[in-house]
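Coordinates in review
Below, each chain spelled out in residue letters.
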Amino acid sequence: MSHKDLINNTIIFVKQQLENAEGGHDWFHIQRVYKNALSIADEEVCDVTVVKLGALLHDIADSKFHKGDETVGPRIAREFLESENTPEEIIVHVINIIENISFKGGNIEKTFHSIELDIVQDADRLDAIGAIGIARTFNYGGFKNRPMYNPLIAPKMDMTKDEYKNSDAPTLNHFYEKLLLLKDKMNTETGKQIAKERHRFMETFLSQFYAEWDGHK
């Protein structure tokens, strides 16, 4: 199978799998991450096929929508790639990207390293910050019926992986527990440069939010 056919078939598969997904983790999220990844890959020496497949399949079954089961996504991705007769070394690399891309509270060391993982992880994190990141965060908070903000509940930093996964804190806390930390966790120079502007936008948003919350003009 040609590279073009494999990528096209993967796009079709992902669109079908995520047809009814939550708005922040749907096909359009995948599409944005895919575009981000290609932009970053243009500045790096990498295996573009692995980058494309990693970006397209990284959220094929996010564990937060499968009772925390982190094995579902890798299993579905492997089954699909095997059905497309994808070389085993590519499958293994893509699975490693899926298993290591997540933030997980920010305190978990990656057990796998590659430039392709760095690229896809940066691309995914860029979609978690800036204007889109703000929209996705409040969309998910609404999906989970969480309060937007409660000044009596402080953000909890340095959470364990399980604490992070099970948190039901107000949506605004997530900015401090994850989103504002991502700028300094970017892997590539391109990712770092894009993240700076999106980070500044989030800081402006938070300033405006607090001003309006307190009734300032």
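This structure is a prediction, so every number in the text was calculated from the model and none was measured. (Residues numbered from 1 in each chain as written. Predicted model: local features only at pLDDT ≥ 70, side-chain atom pairs only at ≥ 80, totals over all residues. Heavy atoms only, no water.)

1. A word on helix 7 (residues 130–143)
In this model, helix 7 (14 residues) spans 20 Å end to end at C-alpha, consistent with the 20 Å of a helix rising 1.5 Å per residue. For helix 7, every residue scored as buried is listed here: Gly130, Gly133, Ile134, Arg136, Thr137, Tyr140 and Gly141. Looking straight down helix 7, one finds that the buried residues subtend no more than 165 degrees of arc, so they occupy a single side. In this structure, the buried side of helix 7 is in contact with helix 2 (27–41), helix 9 (173–177) and helix 10 (189–213). Residue asparagine 145 follows helix 7 closely and has a positive phi angle near 55 degrees. (Helix = DSSP H or I, 4+ residues; strand = E, 2+ residues; numbered from the N terminus. Expected span 1.5 Å × (residues − 1). Buried < 20%, exposed > 50% of the residue type's maximum accessible area, 1.4 Å probe, protein only. Arc of directions from axis to C-beta. Contact = heavy atoms within 4.5 Å.)

2. A few points about the environment of leucine 57
By the secondary structure assignment, leucine 57 is in helix 3 (residues 48–57). For the pair formed by leucine 57 and isoleucine 76, sequence separation is 19 residues and the distance between their alpha carbons is 9.1 Å.

3. Some points on the packing of aromatic side chains
Using the criterion set out here, one finds 11 aromatic pairs in the structure. Between tyrosine 149 and tryptophan 213, the ring centres sit 4.7 Å apart and the planes meet at 75 degrees, which makes this aromatic pair edge-to-face. Taken as a pair, tyrosine 149 in the loop between helix 7 and helix 8 (161–166) and tryptophan 213 in helix 10 lie far apart in primary sequence, 64 residues in all. Look at tryptophan 213 and you get partly exposed, because its relative accessible area is 42%. The interplanar angle of 90 degrees and the centroid separation of 6.1 Å between the aromatic rings of phenylalanine 209 and tyrosine 210 together place this pair among those described as edge-to-face. On the accessibility criterion, phenylalanine 209 (14% relative accessible area) is buried. (Phe/Tyr/Trp six-rings, centres within 6.5 Å; stacked < 30°, edge-to-face > 60°.)

4. A look at the nonpolar core
By size, the foremost hydrophobic cluster in this structure holds 55 residues, and its most contacted members are Val14, Leu56, Leu57, Val94, Ile129 and Phe175. Those elements giving two or more residues to this core turn out to be helix 1 (3–17), helix 2, helix 3, helix 4 (72–83), helix 5 (88–100), helix 6 (115–126) and helix 10. Counting residues per element, this core draws most heavily on helix 2, at 7 residues. In this view, isoleucine 129 contacts Leu179, Leu182, Met186, Ala195, Arg198 and Met202; residues no more than four positions away in its chain are not counted. (Core = buried A, V, L, I, M, F, W, Y, C linked by side-chain atoms within 4.5 Å.)

5. Here we look at the side chain of arginine 125
For arginine 125, the location among the structural elements is in helix 6. For the buried arginine 125, no salt bridge is present, and the opposite-charge side chain at shortest range is aspartate 122, 5.5 Å distant. The residues contacting arginine 125, other than those within four sequence positions of it, are Ile101, Ser102, Phe103, Leu182, Lys185 and Met186. (Lys, Arg positive; Asp, Glu negative; His and termini not counted. Salt bridge = Lys/Arg side-chain N within 4 Å of Asp/Glu carboxyl O.)

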